[in-house]
Amino acid sequence: MTKKTWRIGVAGLGTVGGGLLEFLAQRPDFAPAGDRAVITAVSARNRTRQRPVDISSLTWFDDPVALANAPDIDIFVELVGGSDGPAKAAVEAALKSGKPVVTANKALIAVHGAELAALAEAAGVPLLFEAAVMGGTPAVKMLREAMVGDDVSALAGILNGTCNFILSEMESKGRAFADVLKDAQAMGYAEADPTTDVGGFDAAHKISILAALAFGCAPNFAAAEIEGIDGVEQLDIAMAKDLGYRIRLIASTERTDDGVAVRVHPSLVAFGHPLAETRGATNALFIEGARIGRIFLQGPGAGAGPTAAAVAADIADVMTHAKRPVFQAPAGQLPPFIAVAPTRRVGKAYLRLLVKDQPGVIAAVSETLAECGVSIDSFLQKPVEDVGGVPIVLTTHAVAESVLTDAIDRLERLPVVLERPKLLRIARI
Ligand SMILES: NC(=O)c1ccc[n+]([C@@H]2O[C@H](COP(=O)([O-])OP(=O)(O)OC[C@H]3O[C@@H](n4cnc5c(N)ncnc54)[C@H](OP(=O)(O)O)[C@@H]3O)[C@@H](O)[C@H]2O)c1
């Protein structure tokens, strides 16, 4: 039997696109059915830039939309990035012209997933995005395929390698956020504009996609509660350590009777917990299902090789005609995403206060918390020089976020408290 050759058009030849160029040049026959996948046409910004393999024989397009519309490609791969602009225009063009699309673009899927799914379904072609979450570690297929026989109740993970690298370095080297960020940029772990990563937005894109797959709804990035790591101070890392915790940027989602909550917060995770022990740029995810129980995935969340492997796995799905809705139901039948109000969260918390060095402070703080209905689990006071007061830290038993916010407002107004108390959540995993 003659093998079919699938002609792949790739827009974006940077880290991931370069990795895919290299992989398919070496292994065009990687897909299970035995057909071949060959990149025949490409698009990027700079035609003369050196790529990992010679692209002079490939058809070049300055405009990714023109590549997406080209009649002589069978699969369009989008590796440009960004929720809007050329990436979105090209994916829409490819779907409208009836081409299967593979993308690594989490921002695009988190923000426009439902409308793109409708386009894909109208054209009867797949829209696949394994590489968009956890890079080479197969979280999307895990939820889309392997877990459909279960009822997933919650997910929690470390989905941004840059943040985990920075937090790991802050802890192991005792250095400030801004210093470590500069090093991370110099080493290529962080972008020149780090906002998407350190602001928690990248992790929020990813957990929004996973929430949609886990709970069978459309992704709703706008409903995510997002807090980044730029406010994490060395003092919090040291205090948390004394209490037996490590700080991690935890992206989580759960389904409750009220709806779906999607959150990204720097959170305390107890030493010994697999998420606390996930260091450097590694990604990790807990999946909790009613029947399967708990599954823990850990692996590379970025990098040319691992991410290109995930893109290739999606290309193989197209080549083997794997058929599933983009999310868990046809786009028109996806139930609306009902977001849980942030104030409905119930969980344990860490509060750091800067107080005057005088007697009666602890009593004033404890009384205020008791009046608000916040029950204290532990107290820690640490002598620290040059901070203009005495830092004290307390952890609470589980408390509603609305009660906690009220307590923080009241603590801030106490004359012995010198600044607004700092809140970090204790991860419920
Ligand atoms: N890097 C990772 O490890 C990783 C992991 C998971 C997912 N992703 C996702 O994969 C996608 C690509 O990421 P990346 O790290 O490979 O990005 P990158 O290294 O910055 O590469 C982006 C590519 O897009 C091209 N490009 C930018 N604007 C363009 C335009 N207007 N028209 C045509 N081409 C344009 C660039 O061209 P030039 O090369 O000519 O400048 C470059 O080749 C993103 O959605 C990202 O979130 C990345």
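If you're wondering where the values come from, they're calculated on a predicted model, not measured in any experiment.

Rules of the game
Residues numbered from 1 in each chain as written. Predicted model: local features only at pLDDT ≥ 70, side-chain atom pairs only at ≥ 80, totals over all residues. Heavy atoms only, no water. Near = heavy atom within 4 Å. Polar contact = N/O pair within 3.5 Å; in protein donor to acceptor, adjacent residues only side chain to side chain. Areas by Shrake-Rupley, 256 points an atom, 1.4 Å probe, with all protein chains shown as cover. Pairing = 2+ DSSP bridges. Helix = DSSP H or I, 4+ residues; strand = E, 2+ residues; numbered from the N terminus. Contact = heavy atoms within 4.5 Å. Axes fitted to C-alpha atoms, helices over the stretch in contact; angles between N-to-C directions. Buried < 20%, exposed > 50% of the residue type's maximum accessible area, 1.4 Å probe, protein only. Parallel < 35°, antiparallel > 145°, perpendicular 65-115°, else oblique. Left-handed = near helix turned anticlockwise from the far one by under 90°. Domains from an automatic or database assignment. Buried area = accessible area lost by both parts, 1.4 Å probe. Salt bridge = Lys/Arg side-chain N within 4 Å of Asp/Glu carboxyl O. Core = buried A, V, L, I, M, F, W, Y, C linked by side-chain atoms within 4.5 Å. Phe/Tyr/Trp six-rings, centres within 6.5 Å; stacked < 30°, edge-to-face > 60°. Lys NZ or Arg CZ within 6 Å of the ring centre and 35° of its normal.

Colleague: How would you summarise the site of the ligand if you had to cite specific residues and measurements?
Modeller: Residues in close proximity to the ligand total 24 residues, the closest being Leu13, Asn46, Arg49, Arg51 and Gly303. Gly14 places a main-chain nitrogen or oxygen 3.0 Å from an oxygen atom of the ligand. Here an oxygen atom of the ligand sits 3.0 Å away from a polar atom, N or O, in the main chain of Arg45. Surface burial for the ligand is 80%, taken as the share of its 900 Å² of free accessible area covered by protein chains.

Colleague: Kindly report on the sheet that holds strand β6 (residues 127–128), identifying the contributing residues and their values.
Modeller: The six strands lie next to each other as β3-β2-β1-β4-β5-β6, forming an open sheet whose pairing is parallel. Edge positions in the open sheet fall to β3 (59–61) and β6, since each of these has one partner strand only. As judged from the three bridges shared by strand β2 (residues 36–43) and β3, these two strands associate in the parallel manner. For Ser43, the partnering residue across the bridge sits in β3 and is Phe61. Across the face of the sheet, helix α3 (residues 85–96) comes into contact with β4 (75–78) and β5 (101–103) while running at roughly 165° to β4.

Colleague: Break down the pairing of strand β18 (residues 422–426) for me, with residues and values.
Modeller: Most of β18 sits inside the fold, with five of its five residues counted as buried. Burial along β18 is two-sided: the face carrying Lys422, Leu424 and Ile426 and the face carrying Leu423 and Arg425 are both buried. Bridge count between strand β10 (residues 259–270) and β18: two bridges; the pairing is parallel. Across the sheet, Ser267 pairs through a bridge with Arg425, a residue of β18. Both strand β14 (residues 349–355) and β18 contribute to a ladder of four bridges, which runs antiparallel. The partner of Tyr350 across the bridge, within β18, is Leu424.

Colleague: How would you explain the packing of helix α6 (residues 161–173) against helix α7 (residues 177–186) if you had to name every residue and give the values?
Modeller: Their axes nearest at 9 Å, the elements α6 and α7 cross at an angle of 125°. Between α6 and α7, the angle is such that the two are oblique. The element α6 and its partner α7 pack so that their crossing is right-handed. In this structure, α6 contributes Phe165, Ile166, Glu169 and Met170 to the contact, and α7 contributes Phe177, Val180, Leu181 and Ala184.

Colleague: Give a detailed account of the pairing of β10, specifying residues and quantitative values.
Modeller: Of all 12 residues in β10, 11 are buried, a share of seventy percent or more. Where strand β9 (residues 245–256) and β10 come together, 12 bridges link them in antiparallel fashion. Among the inter-strand pairings, Leu249 is bridged to a residue of β10, identified as Pro266. Joining the antiparallel neighbours β9 and β10 is a turn of two residues.

Colleague: Tell me what's going on with the domain arrangement of the protein, and back it up with residues and numbers.
Modeller: Looking at the assigned domains, one finds that the protein contains domain 1 (5–132), domain 2 (139–300) and domain 3 (343–426). Here the C-alpha centroids of domain 2 and domain 3 sit 25 Å apart. When domain 2 packs against domain 3, the two sides together hide about 1600 Å² of surface, and 62% of this comes from carbon and sulfur. The largest contributions to the domain 2 side of the interface with domain 3 come from Met239, Leu243 and Leu268, which together make up 35% of the buried area. Where domain 2 touches domain 3, the interface holds six salt bridges.

Colleague: Let's hear about the nonpolar core: which residues, and what values?
Modeller: Counting 88 residues, the largest nonpolar core has Phe76 and Ile166 as its most contacted members. No other element matches helix α9 (residues 201–215), which puts 10 residues into this core. Setting aside residues up to four positions removed in sequence, Phe76 forms contacts with Gly9, Ala11, Pro64, Leu67, Ala68, Ala90, Val91, Ala94, Pro100, Val101 and Val102. Formed by 32 residues, the second largest nonpolar core is a distinct cluster that contains Val10, Ala31, Ala308 and Ala312.

Colleague: If you had to explain the packing of aromatic side chains to someone new, which residues and values would you point to?
Modeller: Summed over all chains, the structure comprises four aromatic pairs. Here the aromatic rings of Phe23 and Phe30 are separated by 5.2 Å at their centres, their planes lie at 70°, and the arrangement is edge-to-face. In this structure Phe23 comes out as partly exposed when scored by relative accessible area, which is 22%. Overall, the relative accessible area of 16% leaves Phe30 in the buried class. Here Phe286 and Phe296 contribute two aromatic rings whose centre-to-centre distance is 4.8 Å and whose plane-to-plane angle is 35°, an arrangement assigned as tilted. Of this pair, Phe286 sits in strand β11 (residues 282–289) while Phe296 sits in strand β12 (residues 293–300), placing them 10 residues apart in sequence. The ring of Trp6 carries the charged tip of Lys4 above its face, separated from the ring centre by 3.8 Å. The ring of Phe286 has Arg294 sitting right over it, with the charged end atom 4.6 Å from the ring centre.

Colleague: Break down helix α5 (residues 139–146) for me, citing the residues and quoting the values.
Modeller: With six of eight residues buried, α5 is to be regarded as a mostly interior element. Turning to α5, its buried residues number three or more, namely Ala139, Val140, Lys141, Met142, Leu143 and Arg144. Looking at the buried residues of α5, the elements they touch are β6, β7 (152–158), α9, β11, β12 and α11 (304–319).

Colleague: Would you mind going over the side chain of Glu92 in detail, with residue names and values included?
Modeller: Examined against the element boundaries, Glu92 turns out to sit in helix α3. Ignoring anything within four residues of it in the chain, the contact list for Glu92 reads Glu115, Leu116 and Leu119.

Colleague: Talk me through unusual backbone geometry; I want residue IDs and the actual numbers.
Modeller: Residues other than glycine predominantly adopt negative phi, and peptide bonds predominantly adopt the trans conformation. Phi is positive for Met134, close to 60°, though the residue is something other than glycine. Relative to the helices and strands, Met134 resides in the loop between β6 and α5. In this structure, His321 takes a positive phi of about 60° despite not being glycine. Within the secondary structure layout, His321 lies in the loop between α11 and β13 (346–347).

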